[in-house]
Amino acid sequence: MRINLFATALSLAFFAGCSTGFAQQTAPPLPASAFCDVLNNDIQSDYVTACSKPLINRQSLINTSTSIRNLIVGRFDNGPDQTEPAGLELTTAHDILERLSGSGEITIAPTADVAVPAAVSKWNMWADGKYSWLNDTSAVSNLDGGLVNAIVGADYKVTDSLVLGLMGTYENSSLKGNGPVAPSQKTDGWGGGAYLGLTLSDNLVFSANILGTSLDTNVNSGATKFDSDRIQTSEALTGYWYSGTWRFSPSLTFAWSKEWQDAAAGLNAQTIETMVISPAVQIGNTISIGGANTVEPWLGAEVDWAVINRVKDKVLGVQLSDPNTDLRLQTGLNFAFGANAQLALTAEVSGILLKESNTYTGGANFAYQF
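About the cut-offs
Residues numbered from 1 in each chain as written. Predicted model: local features only at pLDDT ≥ 70, side-chain atom pairs only at ≥ 80, totals over all residues. Heavy atoms only, no water. Helix = DSSP H or I, 4+ residues; strand = E, 2+ residues; numbered from the N terminus. Buried < 20%, exposed > 50% of the residue type's maximum accessible area, 1.4 Å probe, protein only. Contact = heavy atoms within 4.5 Å. Areas by Shrake-Rupley, 256 points an atom, 1.4 Å probe, with all protein chains shown as cover. Salt bridge = Lys/Arg side-chain N within 4 Å of Asp/Glu carboxyl O. Patch = residues over 30% accessible without salt bridge, like charges linked within 9 Å, V, L, I, M, F, W, Y side chains within 5 Å. Lys, Arg positive; Asp, Glu negative; His and termini not counted. Charge placed at Lys NZ, Arg CZ, Asp CG, Glu CD. Polar contact = N/O pair within 3.5 Å; in protein donor to acceptor, adjacent residues only side chain to side chain. Pairing = 2+ DSSP bridges. Core = buried A, V, L, I, M, F, W, Y, C linked by side-chain atoms within 4.5 Å. Phe/Tyr/Trp six-rings, centres within 6.5 Å; stacked < 30°, edge-to-face > 60°. pLDDT = per-residue confidence, 0-100.

Right, let's talk about the overall build of the chain for a bit. Scanning the chain for helices and strands turns up four helices and 15 strands. Of all 370 residues assigned to the chain, the portion counted as buried reaches 45%. Of all intrachain contacts in the chain linking residues separated by at least 6 positions in sequence, the fraction that spans at least 24 positions is 65%. Working note: accessible area of the chain is about 16700 Å², and carbon and sulfur atoms make up 62% of it.

Set out below in structure tokens:
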């Protein structure tokens, strides 16, 4: 009971810090479709950052929160008790003839034994990388480009129900628009933070993280350069249930970030704030690939409700406010190599419900326990 109360209190504390953003608008903002279209005739640095930073910060927040959520579930979910065989086993002439005749007995490879995690594997080291291509389809601003999110981390299983960890991050992005003098923005930065995982029941996991990042930004090919600091946090409740080898995993994630940009030549100080609520579901099936090694192909879908998506200029007030709802479709392969090593490969597409923005993301995560 005390553990459950701790998780609830931590959740409320995070939300209290995020909720203050709802009442901070001081001027009537423009929607993104109207505001960012000024890039056709005006490539001032404040307009460029106001249109590009929300795209970058939202995707970076989603990439990081998704990585931590999946990592924590993997620390507690030991998978199904059995796996599907890789296929029919035709090892004798009799088996082959019977198979070709369409009658008789067929030998099937026995269900693979699933490795039981070693009790001494308290430590976990992991690395995660994601590359996102952000495609703004607006005919005017058309800010397109790539975003790289890389994370390395380590955690310790304090008890059977509690994991505590630390992580370091690197982020790099480059966006460029259209026009005779095309607007552009590049960012580069390092960060660090902490995360935790907590089992609330046999099938329900709570995860949370907080991350601070220091960024360098270069706007319009060096015309404006400035530093900024960003804080982001996310919390998730994830369930996992098995029916034989099939996994059903719903989740609910709350993610929030805020970036404070310094003033520079041609740019007032700005803040960029994002808050996203994301219900999701995954369905997967675990298959043996020999010995104690398995692979789980899975499909998923996630709705992203951007409750806050706002840029505020210290002098001009709120420049952009664009709450929106989007859908992400996901797929992946979760490999387990024995009891102590896992590799996850993921791909997703988002922007399905957005009129002028699409994002395509691919990622890989490797974890090893000892």
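Below, the discussion takes up the pattern of salt bridges. In this structure the tally under the stated criterion is ten salt bridges. With a shortest N-O distance of 3.0 Å, R69 and E302 are connected by a salt bridge. Here R69, found in helix α3 (residues 45-76), pairs with E302, found in strand β11 (residues 294-313); they are 233 residues apart in sequence, far enough to count as distant. This pair shows no difference in class: R69 is buried, exactly as E302 is.

Taken together, the side chains of D216, D227, D229 and D262 make up a negatively charged region of the molecular surface. Tracing the sequence through the fold places D227 in strand β6 (residues 224-239). On the basis of relative accessible area, D227 is assigned to the partly exposed category, the value being 42%.

Within the fold, Q232 resides in strand β6. At a separation of 3.5 Å, a polar atom in the side chain of Q232 contacts the side chain of T64. For Q232, the side chain forms a polar contact with the side chain of R230, separated by 3.3 Å. When neighbours within four sequence positions are excluded, Q232 is seen to be in contact with S60, L61, T64, N209, I210, L211, W256 and S257.

So, on to a nonpolar patch on the surface. Among the surface-exposed residues, W123, M125, Y156, V158, L164, I289, F337, F366, Y368 and F370 lie close enough to one another that they form a single nonpolar patch of about 940 Å² accessible area. Within the residue set of the nonpolar patch, elements represented by two or more residues are β1 (123-136), β2 (144-159) and β15 (357-369). Relative to the elements of secondary structure, I289 occurs in the loop between β10 (287-288) and β11. Classification of I289 by relative accessible area gives partly exposed; the value is 42%.

With that out of the way, let us pick up the pairing of strand β8 (residues 246-261). Looking at chain direction, β6 and β8 are connected through eleven bridges and run antiparallel. By the bridge assignment, T238 is partnered in β8 with S251. Here strand β7 (residues 241-243) runs beside β8; their pairing, made up of three bridges, is antiparallel. Pairing of W241 across the sheet is with F248, part of β8. Where β7 folds back on β8, the antiparallel hairpin that results is connected by two residues, among which G244 adopts a positive phi of roughly 65°. In this sheet, strand β9 (residues 270-285) lies alongside β8 in antiparallel orientation, the contact comprising 16 bridges. Bridge assignment links W256 to a residue of β9, and that residue is M275.

With that out of the way, let us pick up the nonpolar core. Among the nonpolar cores identified, the biggest contains 14 residues, and I68, I72, F76, W126, M167 and Y195 are the most heavily contacted of them. Counting residues per element, the ones that place at least two in this core are α3, β3 (162-176) and β5 (204-219). The greatest single-element share of this core, amounting to five residues, is contributed by α3. The next biggest cluster of nonpolar side chains, apart from the first, holds five residues, and it includes W256, M275, V307 and I308.

So, about the packing of aromatic side chains. One pass over the structure, following the stated rule, counts five aromatic pairs. Look at W123 and Y156: their rings are 4.8 Å apart centre to centre, the planes differ by 55°, and that puts the pair in the tilted class. Here Y156 lies in strand β2 and W123 lies in strand β1, a separation of 33 residues in the sequence. Judged by relative accessible area, which is 42%, W123 ranks as partly exposed. Take Y156: its relative accessible area is 33%, and that puts it in the partly exposed class. Ring centres 6.0 Å apart and planes at 0° place the aromatic pair F335 and F337 in the stacked group.

We now examine the confidence of the model for the chain. Residue-level pLDDT values for the chain average 83, and 75% of them are 70 or greater. Mean pLDDT in the chain bottoms out at helix α1 (residues 2-19), which sits at 43, and peaks at strand β14 (residues 341-350), which reaches 98.

For D262, the position within the fold is in the loop between β8 and β9. Beyond its immediate chain neighbours, meaning those up to four positions away, D262 contacts F226, D227, L267, N268 and A269.

What follows is about unusual backbone geometry. Its identity as a non-glycine residue notwithstanding, N220 has a phi of 55°, on the positive side. Looking at the element boundaries, N220 is found in the loop between β5 and β6.

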